[in-house]
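Working through the structure, step by step
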Amino acid sequence: MRNWKWLIGLFVCGCVAGVSGTTALADEIVIGGQCDRTGPTKNVGTQLCPGVFDYIKLINKKGGINGHTLRYIEVENAYKVDRGVEAYERLKRDGAVVMLDYGTPIVYALTPRHMEDKLPGLTPGFGRADSTDGQRFPYIFPMAASYWSQMGAAMQYLKDKGGVKKGSKIAYLFYDNPAGREPLGVFKRICDIEGYECRDFAVPAPGVEMSSQLLDITRRMQPEWVVAHLFGKAPSVSIKEFRKNGFPLDKVISLVWGAGEEDMQVAGWDTAQGYLGMQFAGVGRDFPVIQDIIKMYQAENQEVPEHVGWVYYNRGVLTAALIAEGIRLVLEHEGLPVTGEKMQKGFERIKDFTLGGFLPPLTVVRDDHEGGGWVRFYQTKGEKLTPFTDWFRGYRDVVLDEVKKAEKAEKTEDKK
Amino acid sequence: MINREAGVFQTGYQGDMALYTLPLAKIAVCGTLGILLLLPWPLAQAGNEHLMSIVNTIALASIGAIGLNILNGYTGQISLGQGAFMAVGGYTAAILSSRYGMPFWFGILAGGGMAALVGTLFGIPSLRIKGLYLAVATLAAQLIIEWTINHVPWIGGGAQSSIYVDTPRFLGLVFNNEFRRYYLILVFFLLAYVGAQNLVRSRVGRAFIAIRDRDVAAEIIGVNIFKYKLLAFAVSSFYAGVAGALWTYYLRIANYENFTLVVSIEYLTMIIIGGLGSVLGSVLGAIFIKLLPIVLDITVISIAKRLFGISYENVANFLANFQLLMFGALIIIFLTVEPEGLARLWENVKRYFRLWPYSY
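Residues numbered from 1 in each chain as written. Chains lettered and ligands numbered in written order. Predicted model: local features only at pLDDT ≥ 70, side-chain atom pairs only at ≥ 80, totals over all residues.

1. Here we look at the overall build of chain A
Per the secondary structure count, chain A includes 14 helices and 12 strands. Against the globule reference of 22 Å for 416 residues, chain A gives a C-alpha radius of gyration of 22 Å, in line with a compact fold. Its C-alpha atoms give chain A principal-axis dimensions of about 65 × 55 × 55 Å. Expressed as a percentage of its 416 residues, the buried residues of chain A come to 53%. A separation of at least 24 residues holds for 69% of the contacts in chain A among residues at least 6 apart in sequence. (Helix = DSSP H or I, 4+ residues; strand = E, 2+ residues; numbered from the N terminus. Rg over C-alpha atoms; globule rule 2.2 N^0.38 Å. Buried ≥ 20, exposed ≤ 12 C-beta atoms within 10 Å, placed from the backbone. Contact = placed C-beta atoms within 7 Å.)

2. Here's the deal with the packing of helix α4 (residues 49-74) of chain B against helix α13 (residues 261-274) of chain B
Residue and element names in this part refer to chain B. Where α4 meets α13, the axes come as close as 9 Å, and the angle between the chain directions of the two elements is 75 degrees. Taken as axis vectors, α4 and α13 run roughly perpendicular relative to one another. Contacts between α4 and α13 pair A61, G64, A65, L68, N69, N72 and G73 from the former with Y267, L268, M270, I271 and G274 from the latter. Its residues placed into classes, the contact of α4 with α13 shows 7 nonpolar, 5 polar and no charged. (Axes fitted to C-alpha atoms, helices over the stretch in contact; angles between N-to-C directions. Parallel < 35°, antiparallel > 145°, perpendicular 65-115°, else oblique. Nonpolar A, V, L, I, M, F, W, Y, C, P; charged D, E, K, R; others polar.)

3. Digging into the interface of chain A and chain B
Tallying the contact residues gives 37 residues for chain A and 39 residues for chain B. At the level of elements, α1 (4-19), α2 (42-61), β2 (70-76), α3 (81-93), α4 (104-117), α6 (178-181) and α7 (184-194) of chain A are the ones that each hand at least two residues to the side of chain A that touches chain B. If you tally residues by element for the side of chain A that touches chain B, the top one is α3(A), at 9 residues. For the side of chain A that touches chain B, the class distribution of residues is 15 nonpolar, 6 polar and 16 charged.

4. What about α13(B)?
Residues and elements named next belong to chain B. Taking 1.5 Å as the rise per residue, α13 with 14 residues should run 20 Å; its terminal C-alpha atoms sit 20 Å apart, in good agreement. Among the structural elements, α4, α5 (82-100), α7 (132-151), α14 (279-308), α15 (316-337) and α16 (342-355) are those in contact with the buried residues of α13. G275 occupies a position one or two residues after α13 and carries a positive phi of about 130 degrees. (Expected span 1.5 Å × (residues − 1).)

5. Topic: the sheet that holds strand β4 (residues 121-122) of chain A
All names here are of chain A. Spatial ordering of the open sheet is given by β2-β1-β3-β4-β5, a layout of 5 strands whose pairing is parallel. Across the chains shown, the open sheet's two edge strands, defined by having one partner strand only, are β2 and β5 (140-141). Examined bridge by bridge, strand β1 (residues 29-35) and strand β3 (residues 98-100) share 3 bridges and lie parallel to one another. Directly across from G33, in β3, lies its bridge partner L100. (Pairing = 2+ DSSP bridges.)

6. Quick word on the sheet that holds strand β8 (residues 225-229) of chain A
Residues and elements named next belong to chain A. With mixed pairing, 7 strands are arranged side by side in an open sheet as β7-β6-β8-β9-β10-β11-β12. The sheet is open, and its two borders are formed by β7 (197-203) and β12 (384-387), each paired with just one other strand. Sheet twist, expressed as the mean angle between neighbouring strand axes with direction ignored, is 25 degrees. Inspection of the sheet shows strand β6 (residues 169-175) paired to β8 by 5 bridges, in the parallel sense. By the bridge assignment for β8, A171 is matched with V226. Those strands touched by helix α5 (residues 147-160) are β6, β8, β9 (252-254), β10 (276-279) and β11 (376-381), and its axis lies near 135 degrees from that of β10.

7. A look at the pairing of β2(A)
Residue and element names in this part refer to chain A. Note: β1 against β2, 7 bridges, orientation parallel. When the sheet's bridge partners are listed, Q34 is paired in β2 with V75. Each parallel crossover has a hand, and the one from β1 via α2 to β2 is right-handed. (Right-handed = clockwise from strand over helix to strand, strands pointing away.)

8. Some points on the pairing of β11(A)
Walk down a regular strand and you will see the side chains alternate between the two sheet faces. Residues and elements named next belong to chain A. Direction of pairing for β10 relative to β11: antiparallel, over a ladder of 4 bridges. Pairing of L276 across the sheet is with Q379, part of β11. Here β11 pairs with β12 via 4 bridges, running antiparallel. Within the sheet, the bridge partner assigned to T380 lies in β12 and is L385. Between β11 and β12, which pair antiparallel in sequence order, lie 2 residues; one of them, G382, sits at a positive phi of approximately 60 degrees.

9. Notes on the confidence of the model for chain B
When pLDDT is averaged along chain B, the result is 89; 97% of the residues meet or exceed 70. The ipTM value of the predicted complex is 0.89, and its pTM value is 0.89. (pLDDT = per-residue confidence, 0-100.)

10. Thoughts on the confidence of the model for chain A
Per-residue confidence for chain A gives a mean pLDDT of 85; residues scoring 70 or more make up 92%. Within the model, pLDDT remains below 50 along residues 14-24 of chain A, and this stretch shows 16 contacts once partners closer than five positions in the same chain are excluded.

11. Some points on the domain arrangement of chain A
Residues and elements named next belong to chain A. The domain architecture assigned to chain A consists of domain 1 (25-145 + 285-374) and domain 2 (147-279 + 378-415). One C-alpha centre belongs to domain 1, the other to domain 2, and the line joining them spans 26 Å. Of the residues assigned to the side of domain 1 that touches domain 2, the class counts are 9 nonpolar, 7 polar and 4 charged. (Domains from an automatic or database assignment.)

12. So, the nonpolar core
Core analysis: the largest hydrophobic core is formed by 234 residues, its most contacted members being B:I63, B:Y239 and B:L246. Ranked by the residues each element gives to this core, the list is headed by helix α12 (residues 225-251) of chain B, at 16 residues. When residues are assigned to domains, this core turns out to be shared by domain 1 (25-145 + 285-374) and domain 2 (147-279 + 378-415) of chain A, each giving three or more. Ignoring any residue separated from it by four or fewer positions in sequence, one finds B:L246 in contact with B:L60, B:I63, B:I108, B:I185 and B:F188. (Core = buried A, V, L, I, M, F, W, Y, C linked by C-beta atoms within 7 Å.)

13. Some details on helix α9 (residues 234-244) of chain A
All names here are of chain A. Among the 11 residues in α9, 8 count as buried, and that is most of the element. Regarding α9, the residues found buried are A234, P235, S236, V237, S238, I239, E241 and F242. Buried residues in α9 make contact with β6, β7, α8 (211-221), β8, β9 and α10 (261-267). Looking at the residues trailing α9, positive phi occurs at G246, about 75 degrees.

14. Structural notes on the environment of A:E261
Residues and elements named next belong to chain A. Tracing the backbone through its elements, the reader meets E261 in helix α10. The buried category is assigned to E261, around which 22 C-beta atoms lie within 10 Å. The contact partners of E261, leaving out residues within four places of it in the chain, are W310, V311 and L385.

15. Digging into unusual backbone geometry
Residue and element names in this part refer to chain A. In this chain, L336 is followed by P337 through a cis amide linkage whose omega measures -15 degrees. With respect to the element layout, P337 can be found in the loop between α12 (311-333) and α13 (340-347). In this structure, N301 takes a positive phi of about 55 degrees despite not being glycine. Relative to the helices and strands, N301 resides in the loop between α11 (288-299) and α12.

16. Describing the packing of α3(A) against α4(A)
All names here are of chain A. α4 packs onto α3 with a crossing angle of 30 degrees between their chain directions and a minimal axis gap of 9 Å. Relative to α4, the element α3 is oriented roughly parallel. Handedness of the crossing formed by α3 with α4: right-handed. Contacts between α3 and α4 involve V81, G84, V85, Y88 and K92 on the former and, on the latter, P105, I106, A109, L110, R113 and D117. (Left-handed = near helix turned anticlockwise from the far one by under 90°.)

Dropping the structure here:
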């Protein structure tokens, strides 16, 4: 057995090459980001992460922010916590002043590190709903409607325009994991307040088998509306099952991770007609920022990828735009050098930031790192997602009360 | 460890029973220990927490892998529940620390103890079934424990199934950076490593091996199968519990998504690649599984950039998947080169140099 020689050689070479890092140039501002392009949420990652890259490139093409170019470093974490920790430390070593965290369990694990190192982390659509509270989590910025706010908005819509009244039946269909269960409390509370008749239906992982739940919903319970909160492959399965059972899809409201173009493709666009999906960033190409990106592609004689303007791509653009806006505010008010602590102040200065209608009127303050909790509905029509409502939010009092309750629960736990 | 054994004769039982019988081996052990103790120093000088975090992850995984190897490699009881037993340890520690204000060291020991209890309980089927059947029974343990954590709010801590704990502190020292956390983990790693090495050469260890090799024969020569099978589960789960509790204090959160079935399978892969029935192999396997994806990530991207001038953002999807492909291929290569694992490969290296340059 002589093979071990080259095997070990290969391994050593790899280790040596792995140690070498890179250092930042003087005028550059380094932004770190994680992505999942190979793990269980790769359908999101492969669209979201190019969105971040494209927007940063667009900013740099325009001369950067006040003459400072941005450098975005992405590290793949494959939705694994240990890889996420490694990615965080690598990005910190490379001088990142702000990070985009990807994946709910990873956000959970990295939250104490963000506090310890005073490095802000952006967690749009990931992480715990009570990190909205900047007093408790000064360095965590969800910057998008949390699951609680999403549920609040969905229920507000049902009350205002869905025609539900006391005694109406509403079903909540959710993926049985922490993220899926998170809005359950808000759902039940609003049902109690309004006197709806509510039931919840859990779909166990991996979420591809839900025919019994759907039969229960459509045949036995026969609700007026269904609020669905599913991830991964589950949304497309649910669309097909609703159609199969003859339930009208325009009576189904999906929270933000269940209404991507790919879900419609998998379920079939014909099947998915009428499906209502909630979004926290604009969808489609009819926004100045997306048009700029398309022009950038055309100027380089490159084909514009199909996913430009898609749901998850636009969420990547949203994240990058928020980071860029934060850096701009830091340079304007705090000056160089840009550090994590200054970035935190910069983010809290963001006010009525809309990026030409692409975002809700986002305002971030210490008490509200969520930026208001705005959402918008899009409906599947033809082979497109078309705007169904304007930006709105709902049951803000209930949501903020839940945040307070979470804080209190933690405090009593500390005392014990 | 590299050593030459010629001319070593023991004149007493004490020398014969020592963990390391050869002077050179003792020196090598002391040297390794010295390197491990001083490792953070150059890294701290360079301010490189990144490498330290990788070492910490590997050390943590090693503890869990050694535990699983005691059960799988030495006693021959296949277990797919290592992740769940780690979760038991992690949540026990988190509940004790966050709700009852217990210090971290107590949390770690209690986490180990609780996991040992639960592990023993789920080990009972091993008295009747073995092999693949037992693997399925332990799979049930994984699912039951995950479900319990997710659906019992007192254990899981509510809808998010996660419990935050404070940064561990000991005698005024706060473990708030990677270098400090390294020493915290190192203590438990060394205890786990030396403990396992001694366990497997003791009466208990020989009983484990006898059960693995032929349980009927073991029973006939007087090994109490009931006792030793459950003991193997208890010891293995204790290791898992300690690893899970340490992982919880390392991240400062207990979250079941760190301990899913995928994690259990990952640990099984570690010990198979490292070498079943070898303590060193568990550590080598942990290094392989935890380090290789990171090394691949860094090297593949830098090779693509420096050699081919491809920037990451244009081909990120391809590079990310290519790494997975490479990772899979390397597992197959290492397993076919030496099916008995990295520990055996290391033995082969040593054997080669023992006769070098006059090999026959």
